[in-house]
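Here is how the chains run, residue by residue.
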Amino acid sequence: MTDLRTVLGEAVGAAFAAEGVDPSLGRVTTSDRPDLADFQSNGALAAAKAVKANPRELAARVADRLADDPRLASVEVAGPGFINMKLADGALSARTAEVAADIAHSGASMVAAPRKVVIDFAGPNVAKPMHVGHLRSSIIGESLKRLFRFRGDTVWGDAHFGDWGFQMGLLIVAVGDEGKADAFLAEGGGPFPTVSPVTLEDLERLYPAAAAMAREDTGFRDRARKATAELQGGRPGYRALWAHFVAVSRTALEREFGALGVTFDLWNGESDADPLMAEMIAHLEAKGLLVEDSGARVVHVARPGETRKKKLADGSVIEAPSPPPLLVISSEGSAMYGTTDLATILDRRKAIDPDLILYVVDERQAEHFEQVFRAAYLAGYAAEGSLDHLGFGTMNGPDGKPFKTRAGGVLKLHDLITMAVEKARDRLHEARLGENLGEAEFETIAHKVAVAALKFADLSNSRTTSYVFDLDRFMSFEGKTGPYLLYQAVRIKSLLRKGADQGVAPGPIVIAEPAERDLALTLDAFSQAVAEAYDKRMPHVVAEHAYRLAQSFSKFYAACPVLIAPDEAMRSSRLALSKAALDQLETALRLLGIETPERM
């Protein structure tokens, strides 16, 4: 299904070609003067320069070729050679009917060549509670997973737990020192207890204490490093104890992800790449990529004499050193963070053979991923350009620094969600919404409002920028917020129910009034918004469209009575237009990971 901007672009391109000009210069954009035109093409200025012609005269000849196009009510030349086009009501009505009939995609186009895509996001660590630092990765990754799948790709979302590094050695030693794991610390192959010797609360208490001790006590640190190496080397008791750490942690992680509506196709961790580690090390050695360096083993990923351009916060660009070597094996013999990431790429190639792997991880990890990607390309584990780190900014407090609790600590994600639901309840009561609903339904709505507030606040910002956390503003039912969009969707649902009660059914769509035109053009623009969000990997483009659509419907609703329109045909047309707006709004919100309630 093709949107009107694309269709007109093809027509204008053909007219340019007929004038002997590169048809790509006939690109059509939405008019920046909607009072004058729906679409415009500014290509005559560049085209005229190429063929040494007067741009206004060239634009006039192109306009003449378009004059008989039945989809256009008018084609006019403005200024030095801008071509302004206004759609015929019939063409806009026909396109809107197409959008309304496309229940699955609301007028959005699919990719021409679907791909196999893995999206690596969330990345929580075993034995640690999720905190606000995991929020953006989870929200952005979930939205991208839905967006890529919506456009036709086959997508795997992978949580990719941190479950195989030094923190595991720290916990093994700490649990052992408390006398909680004597059976697991014994030599031999077991059997070992099937009941976990620790709870999540134990892990949350022990890990920070152990990490602090390792910084101060070299003996404790060395014991933890040895335990890490023995775990990775396959010591049975350590593996059995580690399995309990993972199982206990996953229960809590599923709770937090479930509360946010985030799901994964793969619940893999760094440990899942371990069976490939020996094969990978041997392969890197055979290719001459793995070299000794101060007792460790590394892969040099920089090209000889290479420097890089680095953009600073003030916008200036400087020459920066090439990326350092990727540390593969530490001097203690342990696999490192980059090692498991590299082995995971190899594992994914063997299991899935994806065309593209996206890593939705904090921008501060950019250098790490550059090292890993370069090593993967050198080793032949991925095609050049098939790995992409989608960095993002931070969620900040009023001081502009990453968000903390009032006491200065890191806020647990569970506490943040609870806080948001409490605020949603208060706002619903203040707005006198949901007063006639049962307690269970009210609580479900409050949770949806809370999640919509958190997600839309995040996704309405460009992925690469940081933003300030302001729950009061996010939770408003007015302005550019998730709750406002839910309210608009619920209002349309109420309108459709009233229509059904009065015997009014959606019918053929006829676009005539200015507010109807504006809404119809907004519906048509969804395809372009989805394609742009997909190509740029920027969900905020869909969020912007959802907000524009809600605003456009609000203007239409105020200017064009629906159920009290003068005649039956108009009532049916406007009700169908309202339903098309609802379907597309809900589709856009689903792409953002936001569910709409039936009522408030």
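Residues numbered from 1 in each chain as written. Predicted model: local features only at pLDDT ≥ 70, side-chain atom pairs only at ≥ 80, totals over all residues. Heavy atoms only, no water.

A. Quick look at the overall build of the protein. Secondary structure assignment for the protein yields 21 helices and 15 strands. In terms of principal-axis extent, the alpha carbons of the protein reach across some 85 × 70 × 45 Å. Considering the protein as a whole, with its 600 residues, one finds that 52% of them fall into the buried category. For the protein, the accessible surface area stands at approximately 26300 Å², while carbon and sulfur atoms represent 52% of it. A gap of 2 Å separates the mean positions of the 69 positive and 82 negative side-chain charges of the protein. (Helix = DSSP H or I, 4+ residues; strand = E, 2+ residues; numbered from the N terminus. Buried < 20%, exposed > 50% of the residue type's maximum accessible area, 1.4 Å probe, protein only. Areas by Shrake-Rupley, 256 points an atom, 1.4 Å probe, with all protein chains shown as cover. Lys, Arg positive; Asp, Glu negative; His and termini not counted. Charge placed at Lys NZ, Arg CZ, Asp CG, Glu CD.)

B. Looking closely at the sheet that holds strand E5 (residues 116–121). Taken together, the 4 strands give an open sheet; going across it, the order is E6-E5-E12-E13, and neighbouring strands pair in parallel fashion. Edge positions in the sheet fall to strand E6 (154–158) and strand E13 (387–389), since each of these pairs with one other strand and no more. With strand direction ignored, the average angle separating the axes of adjacent strands in the sheet is 15°. Most of the contacts of helix H5 (residues 135–150) go to E5, to which it runs at about 170°, and overall it touches E5, E6 and strand E12 (356–360). Along the sheet face, helix H12 (residues 337–351) touches E5, E6, E12 and E13 and points at about 140° away from the line of E12. (Pairing = 2+ DSSP bridges. Axes fitted to C-alpha atoms, helices over the stretch in contact; angles between N-to-C directions. Contact = heavy atoms within 4.5 Å.)

C. Region of interest: the packing of aromatic side chains. Following the criterion strictly, the structure yields 17 aromatic pairs and no others. Relative to phenylalanine 264, the ring of phenylalanine 257 has its centre 4.8 Å away and its plane inclined at 75°; by these criteria the two rings are edge-to-face. The structure contains a cluster of three or more aromatic residues connected by ring pairs, namely Phe121, Phe161, Phe257, Phe264 and Trp267. The positively charged end of arginine 235 is found above the aromatic ring belonging to tyrosine 238, 4.2 Å away from the centroid. (Phe/Tyr/Trp six-rings, centres within 6.5 Å; stacked < 30°, edge-to-face > 60°. Lys NZ or Arg CZ within 6 Å of the ring centre and 35° of its normal.)

D. Local environment of the pattern of salt bridges. One pass over the structure, following the stated rule, counts 43 salt bridges. Among the salt bridges present, the one from glutamate 435 reaches arginine 432, with a minimum N-O distance of 3.6 Å. Glutamate 435 gets classed as partly exposed once you look at its relative accessible area, which sits at 46%. It is possible to trace a salt-bridge network through shared partners that takes in Lys423, Arg427, Glu430 and Asp472. (Salt bridge = Lys/Arg side-chain N within 4 Å of Asp/Glu carboxyl O.)

E. Quick peek at the nonpolar core. Residues Leu66, Met85, Phe245 and Val449 are the most contacted members of the largest nonpolar core, which totals 160 residues. Excluding residues that lie within four positions of it along the chain, valine 449 makes contacts with Ala424, Leu428, Met475, Phe477, Pro483, Leu486 and Met600. Counting 34 residues, the second-largest nonpolar core is a separate cluster that includes Val118, Leu276, Val328 and Tyr381. (Core = buried A, V, L, I, M, F, W, Y, C linked by side-chain atoms within 4.5 Å.)

F. The arrangement of the pairing of strand E8 (residues 296–299) in detail. Note: strand E7 (residues 290–293) against E8, 4 bridges, orientation antiparallel. Paired with aspartate 293 across the strands is alanine 296, a residue of E8. A loop of 2 residues connects E7 with E8, the two strands running antiparallel in sequence, and serine 294 in this loop sits at a positive phi of about 55°. Two strands pair when backbone bridges link them, and E8 and strand E11 (residues 326–329) are joined in this way by 3 bridges, in the antiparallel orientation. Bridging from a neighbouring strand, arginine 297 pairs with isoleucine 329 of E11.

G. Spatial organisation of the pairing of E12. Counted residue by residue, E12 has 5 buried out of 5 residues, so it is predominantly covered. Here E12 shows no split at all, with Leu356, Leu358 and Val360 on one side and Ile357 and Tyr359 on the other all buried. Strand direction decides the pairing type here: E5 and E12, joined by 5 bridges, are parallel. Bridged to phenylalanine 121 within E12 is valine 360. Crossover E12 to E13 through helix H13 (residues 366–379) is right-handed. (Right-handed = clockwise from strand over helix to strand, strands pointing away.)

H. Region of interest: helix H18 (residues 514–524). Counting buried residues in H18 gives 8 out of 11 residues, a clear majority hidden from the surface. Taken residue by residue, H18 has Ala515, Glu516, Arg517, Leu519, Ala520, Thr522, Leu523 and Asp524 as its buried positions.

I. Local environment of the packing of helix H9 (residues 218–233) against helix H10 (residues 236–260). Across the interface, H9 lies against H10 with an axial gap of 8 Å and an inter-helix angle of 95°. One element, H9, and the other, H10, form an angle in the roughly perpendicular class. Where H9 approaches H10, its residues Ala227, Glu230, Leu231, Gln232 and Gly233 are matched on the opposing element by Tyr238, Arg239 and Trp242. In terms of residue class, the contact of H9 with H10 is made up of 4 nonpolar, 2 polar and 2 charged. (Parallel < 35°, antiparallel > 145°, perpendicular 65-115°, else oblique. Nonpolar A, V, L, I, M, F, W, Y, C, P; charged D, E, K, R; others polar.)

J. Looking closely at the sheet that holds strand E3 (residues 72–78). Pairing within the open sheet is antiparallel, and its 4 strands lie in the order E1-E2-E4-E3. Every other strand in the sheet has two partners, leaving strand E1 (29–30) and E3 as the edge strands with one partner each. Where strand E2 (residues 39–41) meets strand E4 (residues 82–87), 3 bridges bridge the pair, whose relative direction is antiparallel. For glutamine 40, the partnering residue across the bridge sits in E4 and is asparagine 84. The strands touched by helix H1 (residues 4–18) are E1, E2, E3 and E4; relative to E2, the strand with the most contacts, the crossing angle is about 30°.

K. Representation of the environment of leucine 358 within the structure. On the secondary structure map, leucine 358 appears in strand E12. Along the backbone, leucine 358 and serine 294 are 64 residues apart, and their C-alpha atoms lie at a distance of 33 Å. Beyond its immediate stretch of four places on either side in the chain, leucine 358 contacts Val117, Val118, Ile119, Asp120, Phe148, Asp388, Leu390 and Arg537.

L. Region of interest: helix H21 (residues 568–591). The first and last C-alpha atoms of H21 sit 35 Å apart over 24 residues, in line with the 34 Å expected at 1.5 Å per residue. Along H21, 18 of the 24 residues are buried, which leaves the element largely enclosed by surrounding structure. Where H21 begins, the side chain of aspartate 567 points an oxygen toward the backbone nitrogen of alanine 569, at a separation of 3.2 Å. The positive-phi residue at the C-terminal boundary of H21 is glycine 593, with phi of around 80°. (Expected span 1.5 Å × (residues − 1). Polar contact = N/O pair within 3.5 Å; in protein donor to acceptor, adjacent residues only side chain to side chain.)

M. Expanded view of the environment of proline 80. Structurally, proline 80 can be placed in the loop between E3 and E4. Along the chain, proline 80 and serine 460 lie 380 residues apart, while their C-alpha atoms are 36 Å from each other. In this view, proline 80 contacts Leu45, Pro55 and Arg56; residues no more than four positions away in its chain are not counted.

N. Fine view of the packing of helix H6 (residues 166–177) against H9. At a minimum axis distance of 7 Å, the contact between H6 and H9 shows a crossing angle of 110°. Classified by the angle between their axes, H6 and H9 sit roughly perpendicular to one another. Both H6 and H9 take part in a crossing whose hand is right-handed. Facing H6, whose interface residues are Phe166, Met168, Gly169, Leu170, Ile172, Val173, Ala174 and Asp177, H9 presents Phe220, Arg221, Arg223, Ala224, Arg225, Ala227, Thr228 and Leu231. Among the residues forming the contact of H6 with H9, the class breakdown is 10 nonpolar, 2 polar and 4 charged. (Left-handed = near helix turned anticlockwise from the far one by under 90°.)

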